[in-house]
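Architecture at a glance
Read off the chains here:
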Amino acid sequence: MAKQQDRFVCQACGAVQSKWSGRCDACGEWNSIVEEIPLDSIPKGLKAGKGKAVELVDLKGESKSPPRWTSGMTEFDRTCGGGIVPGSAILIGGDPGIGKSTVLLQIVAALATQGRKCLYISGEEAVAQIRLRAARLDLEDAPLKLGAETNLRNILASINDEEPDIVVIDSIQTMFVDNVESAPGSVSQVRASAQEIIRLAKRKGFAVLIVGHVTKDGQIAGPRVLEHMVDTVLYFEGDRGHQFRILRAVKNRFGGTDEIGVFEMSDQGLHEVPNPSALFLTNRSDDVSGAAVFAGMEGSRPILVEIQALVSPSSLATPRRAVVGWDSGRLAMVMAVLEARCGMSFAGVDVYLNVAGGMRIVEPAADLAVAAALMSSISDIPIPQQAVLFGEISLAGEVRPVAQSNARLKEAGKLGFTKAWMPALSQHLANKEGSTQKTSLDVFELDKVGDLRLRFAGD
Ligand code: TYD
Ligand code: MG
């Protein structure tokens, strides 16, 4: 048989090339060209013969909510929507070394102890290494079955023998299907392996937890193919220099997304952090300027974090703007608004902004806290210790209301804060939302960022 012509397709624009290259000639996208099976080896059209009609039903009908297996680690259970759904496929992505294997070992050990039949298949570590880790985590008595294997055919055979409830595949990039001719970790291998294991999971009703490494630009390796194939995608993120790890749901067919679970890495594995706000705010000192507490929301959870700003004279021709944990474009915008609407000047000064504890904030509601931290640092007047802030700033300098202000205020009250600086309309918005709950906090309503400026000219 003649050798089949290789076919390389750009995953961004679909252009077909005769050889691989780093950049697509057609659309200019980098790293998007992937080898694919030649078109002529795919059968054209359906073969003759009649299909069996699909049984169609009404949208409305009897169906009970899916049963869930809870691990007892509430941070994990909540993130995946209240527990693991039998027959579902969950992808856990994250940087190498962030703690994916550790957290999964803890989760399945907990599930196994509750009587679920769990299999842990590792293609990265030997059985002895996993045992060593389990001993360190004090989990060696959990009735969990281990296997070190990378050939999917063998893995499927042992799943067929064992009939487990939950299977962990650590990691999908090490697995291979022996009839696909490319290296483990390549797109076609990752896709084929995931497809096989997910198909078996759906058929037999076991849940599969798949570990996927993330590439440098933050995508799960294998151009997002995996994200489409699974029911739930969780990202395990965190800064290696900090002990906090955040499990974030980005897709969930059986629950809400934007939920997070907070863990703390210790020498005995990952511990749950039921009250992250308290943790992010420990060791705050009294009279330091430039620190503002932002009352943020992560999904349905309020989280208070400290935003720190430092404005210092610069010796550079182009002063430095450094941001950790927030969007640098957004900082530039807030600074421009402060310059244009409040007459502040950031010329000739370096600006540093840091979100404490290694958190990453994406909410625009943090604008007001950032503006306050900047003002506080410039004027060297500390923000009152018991105050929290939230609100979005528009280019016109208005402070815009944000959603869920009641939840934010409640969390702040719980943690002993007594003042809130927030947008003027939000109480009204909260009342309209149907919640008339009154807050115990002293609320200062702000219309414009200029009102905030006055707070630093003597209260
Ligand atoms: P691991 O779960 O192997 O990461 P991944 O599977 O995501 O690649 O975690 C490895 C890191 O976690 C490693 O740097 C050591 C650290 N660690 C602890 O700090 N404490 C522990 O108890 C364990 C098991 C790991
Ligand atoms: Mg690992």
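Okay, so let's go over this structure. (Residues numbered from 1 in each chain as written. Chains lettered and ligands numbered in written order. Predicted model: local features only at pLDDT ≥ 70, side-chain atom pairs only at ≥ 80, totals over all residues. Heavy atoms only, no water.)

What follows covers the overall build of the protein. The secondary structure content of the protein amounts to twelve helices and 21 strands. Principal-axis analysis of the C-alpha atoms places the extent of the protein at approximately 85 × 55 × 50 Å. Excluding contacts between residues fewer than 6 apart, the proportion of contacts in the protein whose partners are at least 24 apart in sequence is 66%. With an accessible surface of roughly 23,200 Å², the protein has 51% of that area assigned to carbon and sulfur atoms. For the protein, the centre of its 49 positive side-chain charges and the centre of its 55 negative side-chain charges are spaced 5 Å apart. (Helix = DSSP H or I, 4+ residues; strand = E, 2+ residues; numbered from the N terminus. Contact = heavy atoms within 4.5 Å. Areas by Shrake-Rupley, 256 points an atom, 1.4 Å probe, with all protein chains shown as cover. Lys, Arg positive; Asp, Glu negative; His and termini not counted. Charge placed at Lys NZ, Arg CZ, Asp CG, Glu CD.)

Direction vectors running N to C along helix H2 (residues 100–113) and helix H3 (residues 127–136) enclose 70°, while the axes themselves pass 11 Å from each other. By the angle class used here, H2 and H3 are roughly perpendicular. As H2 packs across H3, the resulting crossing turns out to be right-handed. Contacts from Ser 101, Thr 102 and Leu 105 in H2 reach Ile 130, Arg 133 and Ala 134 in H3. The residue makeup of the contact of H2 with H3, split by class, is three nonpolar, two polar and one charged. (Axes fitted to C-alpha atoms, helices over the stretch in contact; angles between N-to-C directions. Parallel < 35°, antiparallel > 145°, perpendicular 65-115°, else oblique. Left-handed = near helix turned anticlockwise from the far one by under 90°. Nonpolar A, V, L, I, M, F, W, Y, C, P; charged D, E, K, R; others polar.)

With the rule as written, the count across this model stands at 14 salt bridges. Residue Arg 199 is joined to Glu 196 by a salt bridge in which the shortest nitrogen-to-oxygen separation is 3.7 Å. Residue Arg 199 and its partner Glu 196 are both found in helix H5 (residues 187–204); the two are separated by three residues, about one turn of the helix. Accessibility expressed as a relative area gives 48% for Arg 199, which makes it partly exposed. A network of salt bridges, in which partner residues are shared, links Lys 202, Asp 231 and Arg 253. (Salt bridge = Lys/Arg side-chain N within 4 Å of Asp/Glu carboxyl O. Buried < 20%, exposed > 50% of the residue type's maximum accessible area, 1.4 Å probe, protein only.)

Let's shift gears to the side chain of Gln 106. Note that Gln 106 resides in helix H2. Those residues within four positions of Gln 106 in sequence are excluded, and the remaining contacts are Met 73, Leu 137, Leu 139, Gly 269 and Leu 270.

On to the site of ligand 1, then. In the region of ligand 1, 16 residues are neighbours, and Gly 97, Ser 101, Thr 102, Ser 266 and Gly 269 sit closest. The contact in question runs from an oxygen atom of ligand 1 to an N or O atom on the backbone of Ile 98, over 3.4 Å. In the model, an oxygen atom of ligand 1 is placed 3.5 Å from a nitrogen or oxygen of the Arg 136 side chain. Examining the composition of the shell around ligand 1, we find that three residues originate from one element, H2, more than from any other. When its residues are assigned to classes, the shell around ligand 1 shows four nonpolar, seven polar and five charged. (Near = heavy atom within 4 Å. Polar contact = N/O pair within 3.5 Å; in protein donor to acceptor, adjacent residues only side chain to side chain.)

All right, on to unusual backbone geometry then. Glycine aside, residues mostly have negative phi angles, and peptide bonds mostly take the trans form. Residue Asp 170 is joined to Ser 171 through a cis peptide bond whose omega torsion reads -5°. With respect to the secondary-structure elements, Ser 171 resides in the loop between strand E7 (166–170) and H5. One non-glycine residue with positive phi stands out, namely Glu 163, at about 50°. Structurally, the position occupied by Glu 163 is in the loop between helix H4 (152–162) and E7. Backbone geometry at Gln 404 places phi at a positive 60°, although glycine is not the residue there. Relative to the helices and strands, Gln 404 is located in the loop between strand E19 (399–400) and helix H10 (405–414).

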